[in-house]
Amino acid sequence: MARRGRSAEPRGSALYEVIKGVDFERRELLEKPAGVGLFDLVREPDGSYRCYACTLCERTCPVDCIEIDYCPEHEELPFDVEAEKAAIAAAQPEVDRSRFDAVIARIREGSGLIEALHATQEAYGWLPRKALEDIAAEMHLPFSRVYGVASFYTQFRLEPVGRHVISVCMGTACHVAGAPLVAEAFSQALEVPVGGTSDDLAFTLQTVNCIGACALAPAVRLDDSETFGRVTPDEARRIVRRLRKREED
Ligand code: SF4
Ligand code: FES
């Protein structure tokens, strides 16, 4: 839990002693009086600390600002967080760095953060983490600030997107006309969960709200170019077969 504007915890205090054991970037927190959120550890009614170093917060913090390195209750921490993070980093798709040069050039010409994010998404179709890190370094911003903006706006994608985006409308008219079955049929035919992207980056399947084609319910959009109306599960499977064929040609 971070609270803005707190002063640093004095050496020798109870919290200082805890932070010595549970390392929340302690040098930053204890020696910087302002500008850094200070974590506070909650106590149970019996006085013990609620945190038991499960490392969940470290593993889920999207900007890597927490590091748990010690807990007197465990001989070793329950998860190898470093190994997990290395595996996640290794699973990131390769990105062509040369496409990022234009973004850096625009930042050096004075473009703002939102503009840089748009330019990055134009270059890759999504926002690779490495690109966000480079934007943060180039703009002298904390990575958490850049990530916070990128994750706030829904038009920015933090995951790779397929060459084709299939959007199944789940608005009321489409929903009552059978859109959930259509989405399920797409999902099975593509072997991709709703919200996911195929491994070959060919297809992204998503659901959206009313796309303004209620008379055609259930409606499906393909990219920003085609709308299919009165789609049945069979028709969904046929669409996937046609798209796969188009991809192969
Ligand atoms: S290590 Fe686990 S218990 Fe401790 S603060 Fe993080 S999530 Fe909570
Ligand atoms: S509810 Fe689907 S197009 Fe309107």
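Relevant structure appears above.
Residues numbered from 1 in each chain as written. Chains lettered and ligands numbered in written order. Predicted model: local features only at pLDDT ≥ 70, side-chain atom pairs only at ≥ 80, totals over all residues. Heavy atoms only, no water.

Caption draft 1: Local environment of empty space enclosed by the protein. Going through the model one piece at a time under the given rule, you end up with two cavities of 30 Å³ or more. Taken as a whole, the second largest cavity holds about 30 Å³ of empty space. Lining the second largest cavity, in full, are Glu226, Phe228, Ile239, Arg242, Leu243 and Arg246. Broken down by secondary-structure element, the contributors of at least two residues to the lining of the second largest cavity are strand 6 (226-228) and helix 11 (233-248). Ranked by residue count, the leading element in the lining of the second largest cavity is helix 11, at four residues. (1 Å grid on protein atoms, 1.4 Å probe; cavity = no way out; pocket = protein on both sides within 12 Å on 5 of 7 lines; lining within 4 Å. Points joined across faces, edges and corners; volume = space filled by probe spheres on them. Helix = DSSP H or I, 4+ residues; strand = E, 2+ residues; numbered from the N terminus.)

Caption draft 2: Geometry of the site of ligand 1. Taken together, the residues surrounding ligand 1 are Cys51, Tyr52, Ala53, Cys54, Thr55, Leu56 and Cys57. Of the residues assigned to the shell around ligand 1, the class counts are six nonpolar, one polar and no charged. (Near = heavy atom within 4 Å. Nonpolar A, V, L, I, M, F, W, Y, C, P; charged D, E, K, R; others polar.)

Caption draft 3: View of the environment of cysteine 214. Looking at the element boundaries, cysteine 214 is found in the loop between strand 4 (203-208) and strand 5 (220-222). Cysteine 214 sits 41 residues away from alanine 173 along the chain, and the two C-alpha atoms are 5.9 Å apart.

Caption draft 4: Up close: the side chain of glutamine 121. Inspection of the secondary structure puts glutamine 121 in helix 6 (residues 113-124). By relative accessible area, which is 17% here, glutamine 121 ends up buried. Each residue touching glutamine 121, except ones within four places of it in the same chain, is listed here: Trp126, Leu127, Gln155, Phe156 and Arg157. (Buried < 20%, exposed > 50% of the residue type's maximum accessible area, 1.4 Å probe, protein only. Contact = heavy atoms within 4.5 Å.)

Caption draft 5: How the structure looks around a negative patch on the surface. A grouping of Glu67, Asp69, Glu75, Glu76, Asp80 and Glu82 is seen on the molecular surface, where their side chains present a negatively charged patch. By secondary structure assignment, the location of aspartate 80 is in the loop between helix 3 (56-60) and helix 4 (81-91). With relative accessibility at 53%, the residue aspartate 80 sits in the exposed group. (Patch = residues over 30% accessible without salt bridge, like charges linked within 9 Å, V, L, I, M, F, W, Y side chains within 5 Å. Areas by Shrake-Rupley, 256 points an atom, 1.4 Å probe, with all protein chains shown as cover. Salt bridge = Lys/Arg side-chain N within 4 Å of Asp/Glu carboxyl O. Lys, Arg positive; Asp, Glu negative; His and termini not counted. Charge placed at Lys NZ, Arg CZ, Asp CG, Glu CD.)

Caption draft 6: Examining the sheet that holds strand 5 more closely. Sheet architecture is open: four strands sit in the order 4-3-5-6, paired in mixed fashion. This sheet does not close on itself; its edge strands, each paired only once, are strand 4 and strand 6. Sheet twist, expressed as the mean angle between neighbouring strand axes with direction ignored, is 20°. The pairing of strand 3 (residues 164-169) with strand 5 spans three bridges and is antiparallel. Along strand 5, the bridge assignment pairs valine 168 with valine 220. Across the sheet, helix 10 (residues 179-190) touches strand 3, strand 4 and strand 5, and the angle it forms with strand 3 is around 155°. (Pairing = 2+ DSSP bridges. Axes fitted to C-alpha atoms, helices over the stretch in contact; angles between N-to-C directions.)

Caption draft 7: Representation of the nonpolar core in the model. Ranked by size, the top nonpolar core spans 30 residues in total, and within it Phe100, Leu113, Leu117, Leu132, Ile135 and Val146 carry the most contacts. For this core, the elements supplying multiple residues, two or more each, are helix 5 (101-108), helix 6, helix 7 (129-139) and helix 8 (143-152). Broken down by element, this core gets its largest block of residues, six residues, from helix 6. The two domains that each donate at least three residues to this core are domain 1 (2-91) and domain 2 (97-152). Beyond its immediate chain neighbours, meaning those up to four positions away, phenylalanine 100 contacts Thr120, Tyr124, Ala131, Asp134 and Ile135. (Core = buried A, V, L, I, M, F, W, Y, C linked by side-chain atoms within 4.5 Å. Domains from an automatic or database assignment.)

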